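Structure at a glance
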Amino acid sequence: MAPTITPPQEREPSAAAAAQPLTPGAAKKRMLIIVNPYATTVSDRLKNLVVYALQARYDVEAVDTEAAEHAIEIGREARDGGYDIVVAFGGDGTLNEVVNGLAGTDVPVSVLPGGSTNVVCRTLGIPNDVVDATEHLIGLADDFHPRRIDLGRCNGRHFVFACGVGLDASVVERVDAHPRLKARARQWYYTWAAVSSFYREYLRDPVRLELELNGEKTEGVTAIAQNSDPFTYFANIPVRICDDIALDDGTLALAVLHRAKQRDMLPIATRVLSQRMRASKHRQIEEFDDVIEATIRSISTDDDGVVRPLPVQVDGDYIGEHSELRWSVDPGALTVVS
């Protein structure tokens, strides 16, 4: 069982925010909070404080997830539950599961940050501090304006901000296997996982992939599909790979890393963390904009001629190995409140 972490930001939502009166005659909106109790910064005490504060403005029901993909099931059940808003309280992986349960419906989704990075939370303009985010939701009670955003698809699995194949997914797999270190070291553990995965799995004989797009093919060792910008964060620094991509433009942006060579890694790392240099302009990275659909397949085999599968992650959660993937976009597939 993953440890319960008491975060430094665990402070009670202000009495002023919780005490804001309802508009005269207005009924409380029904809110379902789907809580991942094992997320990096979630604790029972924090959950109780958040629910107590939100009850001033919403009719709140909270339910904990109990296993991987449980939030998908809860989200599906919420489709017909009469909720005005469903809130994912956890990391990006928790939100991904909730989204996969509610995609294609009119039920609005929002998020309370409880993970180590909270990419979607920041992209939507929701505060990355859970108490500030709670007060933000309280303030939205009388200014409720749901809107539609796009979702990406990977072999039928929706993703909100990104899907990665290759080195990126290997890093996520390694980090997810050690939740204690993930909670304590955060971005520094991701850095260690990236360096060690590169030297162990990609410097020699990596699984190579082929991207097929509009009848054209290109090869590489890692591919990323983005539905929004930035790709992720290193602490408070946005990590940018693809450019000119938004949650509501009806397309995906893709990037392929052609090779894994030691001499390329430092220049690429510098570019993805830079606010001036573009990673997509590195000679070993090829970017594709305005993508509607594409196919990724492994082109490597083992000594017996069996295809070597590719590691895959969606929204920062490892989902296993696949020999072939189909990426596509579902315009306006999710209703959000932010």
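Each remark here, short or long, concerns the structure printed above.
Here is a short report on the structure shown in this document. Values in this document were obtained by computation on a predicted structure and should not be read as measured data.

**A closer look at helix 9 (residues 187–202)**
The end-to-end C-alpha separation of helix 9 is 21 Å, in line with the 22 Å expected for 16 residues at 1.5 Å each. Where helix 9 is buried, its residues meet helix 7 (167–176), helix 8 (179–185), helix 10 (262–273) and strand 16 (310–314).

**Regarding the state of the cysteines**
Scanning the entire structure with this criterion turns up 0 disulfides. Its sulfur unpaired, C163 is 3.7 Å from the next cysteine sulfur, which belongs to C154. Of the cysteine sulfurs around C242, a residue in no disulfide, the closest is that of C163, at 12 Å. Assessed through its relative accessible area of 0%, C242 is described here as buried.

**Re the pattern of salt bridges**
Across all of its chains, the model carries 16 salt bridges by this definition. In this structure, the salt-bridge partner of D64 is K47, at a minimum N-O distance of 3.3 Å. Highlighted residues: D64 in strand 2 (residues 58–64) and K47 in helix 2 (residues 44–54), separated in sequence by 17 residues. Judged by relative accessible area, which is 25%, D64 ranks as partly exposed. By relative accessible area, which is 17% here, K47 ends up buried. Residue E212 is joined to R297 by a salt bridge in which the shortest nitrogen-to-oxygen separation is 3.0 Å. Here E212 is found in strand 8 (residues 209–213), whereas its partner R297 is found in strand 15 (residues 293–298), with 85 residues between them in sequence. A network of salt bridges, in which partner residues are shared, links E210, E212, R297 and E324.

Parameters at a glance
Residues numbered from 1 in each chain as written. Predicted model: local features only at pLDDT ≥ 70, side-chain atom pairs only at ≥ 80, totals over all residues. Heavy atoms only, no water. Helix = DSSP H or I, 4+ residues; strand = E, 2+ residues; numbered from the N terminus. Expected span 1.5 Å × (residues − 1). Contact = heavy atoms within 4.5 Å. Disulfide = S-S within 2.5 Å. Buried < 20%, exposed > 50% of the residue type's maximum accessible area, 1.4 Å probe, protein only. Salt bridge = Lys/Arg side-chain N within 4 Å of Asp/Glu carboxyl O.

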